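# Residue-level structure breakdown
Listed here are the chains, written in short residue letters.
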Amino acid sequence: HMLTIGTHNEFFNFANVYIRNLYGYWEFSSLTNFENGVASRYYHDFYTADPSEKWPAKFSVAQIGGYIGDKWAVRDNLFLTLGARVDVPFIKKIPAANAAAEAAYGVPTDQVASGNVMFSPRVGFNWDVRGDKTTQVRGGVGLFSGRTPYVWISNQFSNTGMEFTRLDIRNPAF
């Protein structure tokens, strides 16, 4: 048996300043309407408190992980690998609560996936058929995950309906 035990910890700070349509976005139903300046739609997103300010979605994350594995030599030419990994993200801030969104959709905006345990068991094998490393059969199965795409989580902070005003004007007269 060859045991492997370890930890993998990551610490992040984010400040995502993406504001969709900050400078406005125009739609035209045809090239002729574009040439004549007749828009069919206008979008504009801006920070609600001060439209000239660029509001960042700021939060930090600590992802704590640990793993254990056993490479077991069942025979001279057959190895089994058994392992497990546990990862737990801790998000240290919560997004703003939007009571109107929760009332309308039944989903609170002030929750994050903090403290959720991700358990990843796995098992594999390596069989050296002739014992001379010329023909090997390998396989395995398990649950695997990569790093959480925290830019997606930052959208949860900036899309609660509290930070930004989003205009969507159809057939604008201006």
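Residues numbered from 1 in each chain as written. Predicted model: local features only at pLDDT ≥ 70, side-chain atom pairs only at ≥ 80, totals over all residues. Heavy atoms only, no water.

### Comments concerning the side chain of Arg-41
Definition in use: Strands here are runs of E lasting at least two residues and helices are runs of H or I lasting at least four, both read from the DSSP assignment and numbered beginning at the N terminus. Under the scheme applied here, a residue whose accessible area is under 20% of the maximum for its type counts as buried, over 50% as exposed, and between as partly exposed, the area being computed with a 1.4 Å probe on protein chains only. Think of a polar contact as two N or O atoms within 3.5 Å of one another; within protein, one of them needs to be a possible hydrogen donor and the other a possible acceptor, and neighboring residues in sequence only count if both atoms come from side chains. Two residues qualify as a contact provided that any one of their heavy atoms is within 4.5 Å of a heavy atom in the partner residue.
Structurally, the position occupied by Arg-41 is in strand S3 (residues 41-47). Exposure remark for Arg-41: the relative accessible area of 17% places this residue in the buried category. A polar contact of 3.0 Å, which involves the side chain of Arg-41, links it to the side chain of Tyr-43. Not counting chain neighbours up to four residues away, the residues in contact with Arg-41 comprise Tyr-25, Trp-26, Glu-27, Asp-168, Ile-169, Arg-170, Asn-171 and Pro-172.

### Considerations on the side chain of Asn-16
Its place among the elements puts Asn-16 in strand S1 (residues 2-16). Judged by relative accessible area, which is 19%, Asn-16 ranks as buried. From its side chain, Asn-16 meets the backbone nitrogen of Tyr-18 in a polar contact 3.1 Å long. Apart from residues lying up to four places away in sequence, Asn-16 is in contact with Trp-55, Pro-56, Ala-57, Val-151, Ser-154 and Asn-155.

### Here we look at the nonpolar core
Quick note on the threshold: Side-chain atoms within 4.5 Å link the members of a nonpolar core, which is a set of buried Ala, Val, Leu, Ile, Met, Phe, Trp, Tyr and Cys residues.
Among the nonpolar cores identified, the biggest contains 13 residues, and Trp-55, Phe-59, Val-61, Ile-91, Tyr-150, Ile-153 and Phe-157 are the most heavily contacted of them. Sorting the residues of this core by element identifies strand S4 (57-75) and helix H3 (150-158) as the ones contributing at least two each. Setting aside chain neighbours within four positions, we find Val-61 in contact with Glu-10, Phe-11, Phe-12, Phe-14, Phe-90, Ile-91 and Tyr-150.

### Re H3
For the record, the criterion: The arc under discussion is defined with respect to the helix axis, by the directions toward the C-beta atoms.
All buried positions along H3 are accounted for by Tyr-150, Ile-153, Ser-154, Phe-157 and Ser-158. Along H3, the residues classed as buried sweep out an arc of 145° about the axis, all on the same side. Elements that come into contact with the buried residues of H3 comprise S1, S4, strand S5 (78-91) and strand S8 (164-170).

### Let's talk about the pairing of strand S6 (residues 118-128)
So the rule is basically this: Paired strands, as defined in this entry, are two strands with at least two bridges between them according to DSSP.
Relative to S6, S5 runs antiparallel, the two being bridged by 10 bridges. Following the sheet pairing, Leu-80 is matched in S6 by Phe-125. Relative to strand S7 (residues 136-142), S6 runs antiparallel, the two sharing 7 bridges. Looking at S7, one finds that Asn-126 is bridged to Arg-138.

### Notes on the sheet that holds S6
Rules: To define axes, lines are fitted to C-alpha atoms, for helices over the stretch in contact only, and angles between the resulting N-to-C directions are given on a 0 to 180 degree scale.
Across the sheet, which stays open at both edges, the 5 strands sit in the order S1-S4-S5-S6-S7 with antiparallel pairing between neighbours. The sheet terminates laterally at S1 and S7, the two strands that pair on one side only. Strand after strand, the sheet turns through a mean of 15° between neighbouring axes, direction not considered. Packed on one face of the sheet, H3 meets S1, S4 and S5 and runs near 150° to S4.

### What to know about a nonpolar patch on the surface
Just so we agree on the cut-off: Without a salt bridge and with relative accessible area above 30%, a residue can belong to a patch; like charges are then joined within 9 Å and nonpolar side chains (Val, Leu, Ile, Met, Phe, Trp, Tyr) within 5 Å. Residue exposure ignores everything except the shown protein chains as possible cover, and the areas themselves are Shrake-Rupley values with a 1.4 Å probe. Here, a salt bridge means any Lys or Arg side-chain nitrogen found within 4 Å of an Asp or Glu carboxyl oxygen.
A surface patch of nonpolar side chains, amounting to about 300 Å² of accessible area, comprises Phe-125, Trp-127, Val-129 and Val-137. Relative to the assigned elements, Val-137 resides in strand S7.

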